[in-house]
Amino acid sequence: MLAVAAAAGAFFTFGPGLRTRGRRVDAAEAQVPEVEAWAQPEYPEVLVVNRSPVPVHDVRAFVALGRRRAKCVGWIRTLPPTGDKPSRVAINADSRERWIEWQGAERRGGRDVVVEVTFRDHTGQHWRRDRTGAFAAIDG
C-alpha cells in the first residue's frame, strides 16, 4: 500500500534532519516519534503510520486540495505503534463531501492532495509535519 501512495506522488518521506524551536537537531537527539501521513487523490482518506515504539496522541490530519489552504479533516485520539501498517484517519462528513466535489471539478487540473499532520508525543510535546516534510515542535 505504501508503494501505491508513493507512486501517486502523495506520500511524504521525511528526512533525518528536524527543526525544533528554531534549532536543527537529528531524530535520535529529539527522540521524536516517527509519524508519517499521506493521501491518495482518488480516495477521500488519510493514512498515517507510527513507526516509533510508543503511541502518539491527538493525531490531527490537515488536507489541502489543490492550492487550497490545509484544513483539519479528521483525527485519531491515540495511535499505537503501527510499524508499516497504516491506520485511517476518521474524516468528518463535511471534509469528505468537499473532497468528493473537488475530485469531480478541480482534480482534472492535475493538482494533488497534500497532507499536514500534528500530534502529541508521550512526553506531552506537540509536533507538526507540514506539506513539505518539515518537522517542528509546536506549542500545544
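Residues numbered from 1 in each chain as written. Predicted model: local features only at pLDDT ≥ 70, side-chain atom pairs only at ≥ 80, totals over all residues. Heavy atoms only, no water.

**Here we look at unusual backbone geometry**
Applied cut-off: Helix and strand definitions here come from DSSP, where helices need a minimum of 4 consecutive H or I residues and strands a minimum of 2 consecutive E residues; each element is numbered from the N-terminal end.
Backbone geometry at D58 places phi at a positive 50°, although glycine is not the residue there. Its location among the elements puts D58 in strand β5 (residues 56-65).

**Section: the sheet that holds strand β10 (residues 126-129)**
Heads up, the rule is: A pair of strands is treated as paired once DSSP finds two or more bridges between them.
In spatial order, the strands read β8-β6-β5-β9-β10-β11; together these six strands make up an open sheet with antiparallel pairing. Every other strand in the sheet has two partners, leaving β8 (90-91) and β11 (135-138) as the edge strands with one partner each. Alignment of β5 against strand β6 (residues 71-79), held across seven bridges, turns out to be antiparallel. Bridged to H57 within β6 is T78.

**Some words on the packing of aromatic side chains**
We count it as follows: Centres within 6.5 Å make a pair out of two Phe, Tyr or Trp rings, where for Trp the six-membered ring is used; the pair is then stacked when the planes are under 30 degrees apart, edge-to-face when over 60, and tilted otherwise. Throughout, exposure labels follow a simple rule: accessible area from a 1.4 Å probe, protein chains only, divided by the maximum for the residue type, with under 20% read as buried, over 50% as exposed, and the rest as partly exposed.
Taken as a whole and assessed by the stated rule, the structure comprises two aromatic pairs. With a centroid separation of 6.4 Å and 40° between ring planes, the pair formed by F119 and F135 is classed as tilted. Of this pair, F119 sits in strand β9 (residues 113-120) while F135 sits in strand β11, and the two are 16 residues apart along the sequence. With a relative accessible area of 2%, F135 lands in the buried category. Ring geometry for W127 and F135: centres 4.9 Å apart, planes at 15°, overall stacked. For the pair W127 and F135, one class covers both residues: buried. Through successive ring pairs, a cluster of aromatic residues spans F119, W127 and F135.

**Regarding the nonpolar core**
Within soluble globular proteins, side chains that are nonpolar tend to cluster in buried spots. The line we're drawing: Among the buried residues, those of types Ala, Val, Leu, Ile, Met, Phe, Trp, Tyr and Cys that are joined through side-chain atoms within 4.5 Å form a nonpolar core. Contacts: residue pairs with any heavy atoms within 4.5 Å of one another.
V46, V48, V59, V63, W99, V113 and F119 are the most contacted members of the largest nonpolar core, which has 25 residues in total. Elements that contribute at least two residues to this core include exactly β3 (35-39), β4 (46-50), β5, β6, α3 (93-105), β9 and β11. Ranked by residue count, the leading element in this core is β5, at five residues. For V63, the residues in contact, after removing those within four places along its chain, are V46, R69, A70, K71, V73, W99, V113, V114 and V115.

**Considering the side chain of D121**
Heads up, the condition is: Residues scored as charged are limited to Lys and Arg (positive) and Asp and Glu (negative), so that His and the chain ends carry no count. When a carboxyl oxygen of Asp or Glu is within 4 Å of a side-chain nitrogen of Lys or Arg, the pair counts as a salt bridge. Polar contacts, as used here, are pairs of N or O atoms within 3.5 Å; protein pairs need one atom able to donate a hydrogen and one able to accept it. Residues neighboring in sequence count only if both atoms are side-chain atoms.
Following the sequence through the fold, D121 ends up in the loop between β9 and β10. Within the buried core, D121 has no salt-bridge partner, and the shortest N-O distance to an opposite charge, that of R120, equals 6.8 Å. Only 2.6 Å separates the side chain of D121 from the side chain of T123, close enough to count as a polar contact. In this structure the side chain of D121 is engaged in a polar contact, spanning 2.9 Å, whose partner is the side chain of W127.

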